[in-house]
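An overview of the molecular structure
Letter by letter, the chains look like this.
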Number of protein chains: 2
Amino acid sequence: MRLAETVRTIPHYPKKGILFRDITTLLGDARAFRTAVDALVQPWAGARIDKVVGMEARGFILGGAVAHQLSAGFVPIRKKGKLPHQTISMAYALEYGVDEMEIHSDAVTKGEKVLLIDDLIATGGTAEGAIKLLQKIGAEVVAAAFVIDLPDLGGAKKIEALGVPVQSLIAFEGH
Amino acid sequence: MRLAETVRTIPHYPKKGILFRDITTLLGDARAFRTAVDALVQPWAGARIDKVVGMEARGFILGGAVAHQLSAGFVPIRKKGKLPHQTISMAYALEYGVDEMEIHSDAVTKGEKVLLIDDLIATGGTAEGAIKLLQKIGAEVVAAAFVIDLPDLGGAKKIEALGVPVQSLIAFEGH
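Reference entry: report on the structure contained in this document.

Conventions we followed
- Residues numbered from 1 in each chain as written.
- Chains lettered and ligands numbered in written order.
- Predicted model: local features only at pLDDT ≥ 70, side-chain atom pairs only at ≥ 80, totals over all residues.
- Heavy atoms only, no water.
- Contact = heavy atoms within 4.5 Å.
- Buried area = accessible area lost by both parts, 1.4 Å probe.
- Salt bridge = Lys/Arg side-chain N within 4 Å of Asp/Glu carboxyl O.
- Polar contact = N/O pair within 3.5 Å; in protein donor to acceptor, adjacent residues only side chain to side chain.
- Helix = DSSP H or I, 4+ residues; strand = E, 2+ residues; numbered from the N terminus.
- Nonpolar A, V, L, I, M, F, W, Y, C, P; charged D, E, K, R; others polar.
- Core = buried A, V, L, I, M, F, W, Y, C linked by side-chain atoms within 4.5 Å.
- Buried < 20%, exposed > 50% of the residue type's maximum accessible area, 1.4 Å probe, protein only.
- Axes fitted to C-alpha atoms, helices over the stretch in contact; angles between N-to-C directions.
- Parallel < 35°, antiparallel > 145°, perpendicular 65-115°, else oblique.
- Least-squares fit on C-alpha atoms with pLDDT ≥ 70 in both.

**Here's the deal with the interface of chain B and chain A**
- Tallying the contact residues gives 38 residues for chain B and 38 residues for chain A.
- The contact between chain B and chain A buries some 3,100 Å² in all, and 59% of this surface belongs to carbon and sulfur atoms.
- Here chain B is connected to chain A by 2 salt bridges.
- The interface formed by chain B and chain A includes 18 residue pairs in polar contact (both at pLDDT 80 or more).
- Elements that contribute at least two residues to the side of chain B that touches chain A include exactly β1 (8-11), β2 (19-22), α1 (24-28), α2 (30-41), α3 (58-69) and β4 (73-79) of chain B.
- With 8 residues, the single largest contributor to the side of chain B that touches chain A is α3 of chain B.
- The residue makeup of the side of chain B that touches chain A, split by class, is 17 nonpolar, 10 polar and 11 charged.

In structure tokens form, the structure reads like this:
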């Protein structure tokens, strides 16, 4: 199946001139969802992954399925103020201004191998922040995996420059 | 394994007198996460489930894994303003005031069988709102499933009174 065709493109959302890639149509299509999860899992079949880390909120959907399939634990990275125990946080750049993401300080044991999952990589600011947070608490980030890459925005290159391999299933050029 | 023992209890969070049940320790424990997902899936093995519906945000983690395991599509119900296409929304009661949740109007086809997933049921206000939203767009809600039930708050009874069976894996009394 052509996975890219199950993604709905919404023009001028959230604002004029932006083509928003809506992944809910992919998730809702049982065959496409299974294809995407299985493709994210495939490179790691038989490898040791201790934790799959998902980014709030769409990364939770894919990350939960990938963690279960790999018999790994699941760790959420959330917007600031949502995690109930001791956290460490990281500021990251948005298009306008900055936001903060958090992880529980004890979410990963030193040396654990983690796979980072999100639905989409654009400029890579969120993934970069997540990788730095994970490294700070001692994780070895073995890769970052996305359903969609917008290569014109250079995010995958930025993450690979950190020494973390990037996997993506669909590329939309000229976003 | 005793699944309940993998849940971390945080006293006085988010405010004095509340025992917060923190499920991140269960999710992060590979064996506990697998046990929980498999137990949520088990009643539906061989049954027809078209869509698994997860509640933002922790319901996404479990719902994604359950949907993949059942070869179903996944549908998110989100906080208002997060879904990019045409939605219908529903107000629901919080402890103080109300909030609104939304679903894409085309997320389910009339007559599709859906399983609702969230991490925890307390008073049942969120689950009740979700079921009403789903029924409004033509879904047949075959059950609502939760990792944790707080039976003293009566949520499961409220949902069963709507004709929707409730499954839960852990009950914490005297929350």
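**A short note on the nonpolar core**
- Grouped together as the largest cluster of nonpolar side chains are 69 residues, with contacts concentrated most on L26 of chain A together with L26 of chain B.
- Non-local contacts of L26 of chain A, meaning those with residues more than four positions away in its chain, are made with L3, T6, V7, A32, F33, A36, V147 and I170 of chain A.

**Some remarks on the packing of helix α3 (residues 58-69) of chain A against α2 of chain B**
- It is the contact of α3 of chain A with α2 of chain B, at a shortest axis distance of 10 Å, that shows an interaxial angle of 105°. The orientation of α3 of chain A relative to α2 of chain B falls into the category roughly perpendicular. Residues G64, A67, H68 and Q69 of chain A of α3 of chain A form the contact with α2 of chain B, whose participating residues are F33, R34, V37 and D38 of chain B.
- Of the residues that constitute the contact of α3 of chain A with α2 of chain B, the class distribution is 3 nonpolar, 3 polar and 2 charged.

**Looking at the relation of the copies chain B and chain A**
- Here chain B sits on chain A after a turn of 180° about the axis and a move of 0.0 Å along it, with an RMSD of 0.0 Å. Look at the turn and shift together and you get a two-fold axis relating the two. Nearest to the rotation axis, the C-alpha of A65 of chain B is located 1.8 Å from it, this being the minimum over chain B.
- A symmetric contact is evident, with 100% of the interface residues of chain B recurring at the interface of chain A.

Nothing here speaks to function; it is geometry throughout.
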